[in-house]
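An overview of the molecular structure
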Amino acid sequence: MSYWIKSLFLSSLAIAASAQAEPLQKSFSDWQLTCNNVAFCVARSFPGDKGLVMTLSRHAGADDQPLLRIDYGSAYSGDLPGGSLKDNLLLDRRRLRPDLKHWTVEPHHLSTTNTIAIDEFLEQTLDADTLQLTWQANAVVPLHGMKAALLLMDDVQGRVNGASAWVKRGDRAEWDLPPVPAAPRLPPVPPSPTALTREETSGLIDYGTWRVTTDSCSLDPLRREVSVAPLTESKALLLVSCETGAYNVIDLAFEVTRTQPYVSRGVILHLPFVPPSRSDSQLELVNAEFDASSRMLYTFSKSRGLGDCGVATRWQFDGERFVLAEYAEEQICDAWHSSDSWPTLWQSEPAL
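Residues numbered from 1 in each chain as written. Predicted model: local features only at pLDDT ≥ 70, side-chain atom pairs only at ≥ 80, totals over all residues. Heavy atoms only, no water.

1. Points about the overall build of the chain
- In terms of regular secondary structure, the chain is built from 4 helices and 23 strands.
- The burial tally for the chain puts 46% of its 352 residues in the buried class.
- Of the roughly 17700 Å² that the chain leaves accessible, carbon and sulfur atoms contribute 51%. (Helix = DSSP H or I, 4+ residues; strand = E, 2+ residues; numbered from the N terminus. Buried < 20%, exposed > 50% of the residue type's maximum accessible area, 1.4 Å probe, protein only. Areas by Shrake-Rupley, 256 points an atom, 1.4 Å probe, with all protein chains shown as cover.)

2. Topic: the state of the cysteines
- The tally for this structure, following the rule as stated, stands at 2 disulfides.
- Note on cysteine connectivity: Cys35 is disulfide-linked to Cys41, with sulfurs 2.1 Å apart. The chirality of the disulfide connecting Cys35 with Cys41 is right-handed, given an S-S dihedral of about 115°. Each of the two residues, Cys35 as well as Cys41, counts as buried.
- The disulfide partner of Cys309 is Cys333, and the gap between their sulfur atoms is 2.0 Å. Its S-S torsion of approximately 100° makes the covalent link between Cys309 and Cys333 right-handed. You can see Cys309 sitting in the loop between strand S20 (296-302) and strand S21 (310-317) and its partner Cys333 sitting in the loop between strand S22 (322-330) and strand S23 (344-347), a full 24 residues away along the chain.
- Owing to a relative accessible area of 33%, Cys333 belongs among the partly exposed residues under this scheme. (Disulfide = S-S within 2.5 Å.)

3. Brief notes about the sheet that holds S20
- Overall, antiparallel pairing links the 5 strands, which are arranged S19-S20-S21-S22-S23 in an open sheet. For this open sheet the edge positions go to strand S19 (289-291) and S23, each flanked by a neighbour on one side alone. Averaged over all neighbouring strand pairs, the angle between strand axes comes to 15°, with direction disregarded.
- Bridge count between S20 and S21: 7 bridges; the pairing is antiparallel. Looking across to S21, one finds that Lys302 is bridged to Gly310. (Pairing = 2+ DSSP bridges. Axes fitted to C-alpha atoms, helices over the stretch in contact; angles between N-to-C directions.)

Everything listed here is a matter of coordinates, which is why it stays silent on function.
Written out as C-alpha cells, the structure reads:
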C-alpha cells in the first residue's frame, strides 16, 4: 500500500471514529431500545410495574462490556416477597433452569457479563413468548419484541452478519467492527467568579421579578420564583419561573449584567440532536437548577408526578455558553426506575 493511500485510509478511520452515532429510542411490542451518541445501547422489557424486568446493554466495538439482568422489584417498589428467581422462572410455562455458573445470583436479581452465558440464555429465549414467575402469574417479561430490539442494536453497532451479533450472526470476525464513536469532550470549567454581594443579589432578584421583559411569562410577578447566581465577573444567571403545572415549573433563563443599568439576554438551550420524542432541538427549561460551584445547569421534566418518566439533562457552562453534558429520557411510564437510571441519548467526556 502506497504511503498516501495508507495515510488516507488511516485518516478515514480517524474521521469515522470521531463521528457520533445518531441517538434513538424506539419501542418494539413490549421492549424499548435506547442508543446514545456513542452507540451504547440498552434494551429492556416493559411494563415494569408488574415487578419483573429483563435488561440487556452493550457498548459499541470489540470491548462491548455486555450485561444481561433479570430483576424482580423496582426502584419504587423496593424488595418484594417471594421465592428466589433462580428456582422460580418459567419460559413459556415450562421450568427454566439456566446454567448460572457465570452469573451473579441474588434472591430477586440475576445478572451476567459473561459472553457465553448471555449467548446461551438468548438462544433459549429469542424466539420464546414469555418469561414469568412460578408464584406470581402477573410478573411477566413479554419476549415478543426482544428479537427486533436486539437486531436494531446489532445494526446500530455494526454487528449484523458478524460473529458478535446477538441476532443475525454471520462469519465476519468479532473484531471486524466499525470504530467506536467518540464522545464529545466538555470544555474546561472556568474559574469561579466572585460571589454576588447582598446588594447585587437583591437588585437582580428585583429585576427578575418585576422588570425582566418577556411575553411568554404567564405567571403574575407576585407568584414568580427568581434565583440568581454568578456566571462571570460581569454577568449573572437569572432563572425565572414563568408557568407552573401539577409537578413541573417552566423556567426562563437570562444572562444579566451584575451592575445597573441591567442588560439581559435570554439563554436558549439547543440540543446537538433532535430527540425521537420531539420535532426540534430547542429544549424547554423545566424545573431548572444551577450549581454555581460546578457551573452545571440541570433540567428535570417529569411526565407524571411519580417522576418515573420524562427528560433529565445536564449543561456545562464554559464561560460563554452552556454545552450539553448529558441527556437522559424515559418514555415508558411504568414505575420501573428514577431519573438517575434513565437511559441516556447523549453523553460527554469530562474536561481534561
